[in-house]
Amino acid sequence: MQFRHWKLVNIGIVLAFPAMAQDGAEEPYQLNTVTVTATRDEQQTLDLPASVGSKGADEIALDSPAYQKDLFNSISGVRVTQTGSTLGHMTSIRMPLNSGPYYLFLQDGIPVQSSGFFNHNGLAYTNFSSAGSTEVLKGAGTALYGSDSVAATINVISADPSLNKGHRVEADIGNDQFYKLGLSGGYSSSPQSSYGFEISTTDAEGWRDHTAAQRSELNVTHFYTADSSNTFKTVLSVNTSEAEMSGSIIGLAALENDPTSVGDIQAALDSGLDIMRNFDFARVSTDWTHELNATTQLSTIVYLRSNRNRYTATWEGNLPHNDSKQQTVGMLFKANIDQEDTRWIVGTDIEITRSNLTYTQLFDYVPTGFGSPVSAGNVYDYDVDYLALAPYVRAEHDISEKLSFSAGLRYDSNAYDYTNNLADGQYAGSTYSRPGSDNDPTFDHLSPKMSLSYRIDREQNTYIRYANGFRIPQATRLYSLRTNNIGFTLDPEVSDTFELGYKRATQSAQFEAALYHMNIDDSIVRRENSVGDRYYVNGGETTHQGLELSLLNIITSQFSSRIAYSYSKHEYQNDDVYGDNEQASAPNNIANLRLIYKPASIAGLATMFEAEYVDEYWLDDNNTRTYEGYTVYHLKMNYKASKRLNISAKIVNLADEVYAENASFSYGKEKYTPGSPRQFFAGLEYSFD
């Protein structure tokens, strides 16, 4: 890391630490946040033996999120980057930046996609631009979470419009014809019943060629209290996205000279095809909370969910079109039992999903270089019925006033039932292959979890944690084959996470540190044959280890600081191809510094200076090339001018730095996804009865 970047980290530490030496006052938990993700119940972060990063409504208002990364990149150890389709994204939490199913995406505690049909763009299925708060549980999840909860569980928590009376209208504008219009409202029809809605639409032409995007979000909430023992919360969440797609810019010189270029998909655009990506999501859920007796509370969430993902695969020379649809019915049942010094959570999760995937070649394709010819027609057309069933138990016991122990056990059974609607075998002389309909694997896994927590005093807690996690092979890995290897099999990946943590919360400062080591066995890795066709096998082991620091300090009544810093290292272990190399797309150091100023002379005004730093990293797993990383700066403001009027503004990439959000090396080419140039956004929000 260059000296100037270490200086950035050191400044943040100096700003964040002074109050750590102050004596605690009568209310030492003023800054301690409340989390709901680990157990789906409110719990003080200080008491939780796990690393959870969170953001509340005030900080989100300053960020004014237009993209998924705006919600998350200020959390320690979290890096989200937008892809060439603008509203698509990739995630890096305790792992290299990747598109694999290592992250469980939730909205309001409910998965937004089935574990057998993971989409790395899963945050596009959440109402992220109108989120009320967000939480990231790092490492393998608690016993409440199964497949895909390997590196993190990410929960986008909706603002509940049924809690607010009156209405609110919002209008935002920005560079490149960006605009967002929103309307929300809430009212009570009786002392027992309240309603609320929030709707928004966003449109932008995009700062790069062919990156226009449109998005709409709807959230409708009804809260009903039947009696003192029964409450019902029903939520309808809907969002749709349509985005043009750009490609990778080839070579660093091209990135620096013309970052607005459409990149390497000009031939795809010249083909006349509709080069777009569409996400469609809808879910209705009802959460019934029943107080069975003084010690037992029951929670039952039932939901219906619909996902659809459509795109043209511009990274494939033959430009196939993908259309993937899933319809899901699910239930999350949980019983909380409080027996004073021992607390139990017992539950069962179930999902039944029906999926269809079509993969269509829209024209006869004859390659000029590598690859096989592909005739026009349906390459794949298959249905998959999927069942996920998981009982679990979690117990927490207070050994003494300061020492507590928790343990959890979860048993997951995941079963596929596959039907091929086309002829088995290779497609029309190409290397695409279709398995027969008798390929119906079931994956069973038992996940143990345990932790030991020691409360040093009212302000400090330390813990040690172990959590086993896993992720099953996805349906596309089993049934969308690119080589004639129909007889292959894949096993689940299994992870073990070990974590040591320390937390302190005072009236004026909050500090969290987590030291972790995670190893993954039977990693599902991609290989390529001599003509460039991809296939997947269970490889060896990878290790992931690092340190995460989060420092928040209220320096004065007007000035506060927050720094999120992480160091990580991700390596193969005796891999057949990469040996013990460090993994690509994995910067060792990531930092985010925020300085917030609320002047006493202007009541209601909050301003924030933000710096984001991403370290150098390898472009390829062979460790032959690197990208230097970047530092970018932002300036953000939120001003509550009156009880009814709120004004916001932000400038992103203040120095107009030319940089790549993501960079890689493959097929002999350095590929760069450029980050946005300097952009200005402003918004007005008006409340009325």
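Attention here is on the structure that accompanies the text. This structure is a prediction, so every number in the text was calculated from the model and none was measured.

## Examining the overall build of the chain
Part 1: In terms of helices and strands, the chain carries 6 helices and 40 strands.
Part 2: In terms of overall dimensions, the chain is globule-like: its C-alpha atoms have a radius of gyration of 25 Å, near the 26 Å expected for 689 residues.
Part 3: By its C-alpha atoms, the chain is 75 × 55 × 55 Å across when sized along the principal axes.
Part 4: Across the chain, every contact between residues at least 6 apart in sequence was considered, and the portion connecting residues at least 24 apart equals 65%.
Part 5: On the chain, roughly 27600 Å² of surface is accessible, and the fraction owed to carbon and sulfur atoms is 54%.
Part 6: Each charge sign in the chain was given a centre, from 52 positive and 84 negative side chains, and these centres are 4 Å apart.

## Details of the sheet that holds strand 39 (residues 669-674)
Part 1: An order of 15-39-38 is seen for the 3 strands of this open sheet, with the pairing classed as antiparallel. The open sheet has two free edges, formed respectively by strand 15 (249-250) and strand 38 (660-666), since each of these has just one partner strand.

## Section: the sheet that holds strand 9 (residues 152-158)
Part 1: As summarised here, the arrangement of the 5 strands in space is 3-8-9-6-7, forming an open sheet in which the pairing is mixed. At either margin of the open sheet sits one strand with a lone partner, and together these are strand 3 (52-55) and strand 7 (110-111).
Part 2: The pairing of strand 3 with strand 8 (residues 131-138) spans 4 bridges and is antiparallel. Counted as the bridge partner of Lys55 is Thr134 from strand 8.

## Examining the pattern of salt bridges
Part 1: By the definition in use, this model includes 32 salt bridges.
Part 2: The shortest N-O distance in the salt bridge between Glu661 and Lys69 comes to 2.9 Å. Remark: Lys69 occurs in helix 3 (residues 68-72) and Glu661 occurs in strand 38; sequence separation between them is 592 residues. Each member of the pair, Glu661 together with Lys69, is buried.
Part 3: For Glu548, the salt bridge identified is with Lys138, shortest N-O distance 3.8 Å. Of this pair, Glu548 sits in strand 30 (residues 541-554) while Lys138 sits in strand 8, and the two are 410 residues apart along the sequence.

## Considering the packing of aromatic side chains
Part 1: In the structure shown here, the tally under the stated rule is 26 aromatic pairs.
Part 2: Measuring from centroid to centroid gives 6.3 Å for Tyr380 and Tyr382, while their planes differ by 65°, and the two rings are edge-to-face. Like Tyr382, Tyr380 is buried.
Part 3: Connected via pairs of aromatic rings, a cluster forms that spans Phe117, Tyr359, Tyr380, Tyr382, Tyr386, Tyr416, Tyr418, Tyr432, Phe443 and Tyr479.
Part 4: For the cation-ring pair, Arg94 lies above Tyr516, with the distance from its terminal atom to the ring centre recorded as 4.2 Å.

## Topic: unusual backbone geometry
Part 1: In this structure, Gln177 takes a positive phi of about 55° despite not being glycine.
Part 2: For Gln177, the position within the fold is in the loop between strand 10 (166-174) and strand 11 (178-190).
Part 3: The exposure class of Gln177 is exposed, given its relative accessible area of 60%.
Part 4: If you check the backbone angles, Glu340 has positive phi at about 60° while not being a glycine.
Part 5: Mapped onto the elements of the fold, Glu340 is located in the loop between strand 18 (321-339) and strand 19 (342-361).
Part 6: Taking relative accessible area as the criterion, Glu340 reaches 71% and is therefore assigned exposed.

## Some points on the side chain of Thr86
Part 1: Tracing the chain through its elements places Thr86 in the loop between strand 4 (78-82) and strand 5 (89-93).
Part 2: Within polar-contact distance, the side chain of Thr86 engages the backbone oxygen of Thr211 at 3.4 Å.
Part 3: Once residues lying within four places of it in the same chain are set aside, the contact partners of Thr86 are Tyr67, Thr211, Ala213 and Glu244.

## Quick word on the nonpolar core
Part 1: Ranked by size, the top nonpolar core spans 31 residues in total, and within it Phe72, Tyr103, Val136 and Ile154 carry the most contacts.
Part 2: Per element, the largest residue contribution to this core is 3 residues, and it comes from strand 9.
Part 3: Ignoring anything within four residues of it in the chain, the contact list for Tyr103 reads Thr91, Ser92, Ile93, Met95, Pro96, Asn98, Phe118, Asp148, Ala151, Ala152 and Ile154.

## Notes on the pairing of strand 14 (residues 230-244)
Part 1: Of the pairings in the sheet, the one linking strand 13 (residues 213-227) to strand 14 comprises 14 bridges and is antiparallel in character. From the neighbouring strand, Tyr224 faces strand 14, where its bridge partner is Phe232.
Part 2: In sequence, strand 13 turns back onto strand 14 through a hairpin of 2 residues.
Part 3: Looking at chain direction, strand 14 and strand 16 (residues 276-291) are connected through 15 bridges and run antiparallel. Within strand 16, the residue paired with Asn230 across the bridge is His290.

Reading the values: the criteria
- Residues numbered from 1 in each chain as written.
- Predicted model: local features only at pLDDT ≥ 70, side-chain atom pairs only at ≥ 80, totals over all residues.
- Heavy atoms only, no water.
- Helix = DSSP H or I, 4+ residues; strand = E, 2+ residues; numbered from the N terminus.
- Rg over C-alpha atoms; globule rule 2.2 N^0.38 Å.
- Contact = heavy atoms within 4.5 Å.
- Areas by Shrake-Rupley, 256 points an atom, 1.4 Å probe, with all protein chains shown as cover.
- Lys, Arg positive; Asp, Glu negative; His and termini not counted.
- Charge placed at Lys NZ, Arg CZ, Asp CG, Glu CD.
- Pairing = 2+ DSSP bridges.
- Salt bridge = Lys/Arg side-chain N within 4 Å of Asp/Glu carboxyl O.
- Buried < 20%, exposed > 50% of the residue type's maximum accessible area, 1.4 Å probe, protein only.
- Phe/Tyr/Trp six-rings, centres within 6.5 Å; stacked < 30°, edge-to-face > 60°.
- Lys NZ or Arg CZ within 6 Å of the ring centre and 35° of its normal.
- Polar contact = N/O pair within 3.5 Å; in protein donor to acceptor, adjacent residues only side chain to side chain.
- Core = buried A, V, L, I, M, F, W, Y, C linked by side-chain atoms within 4.5 Å.

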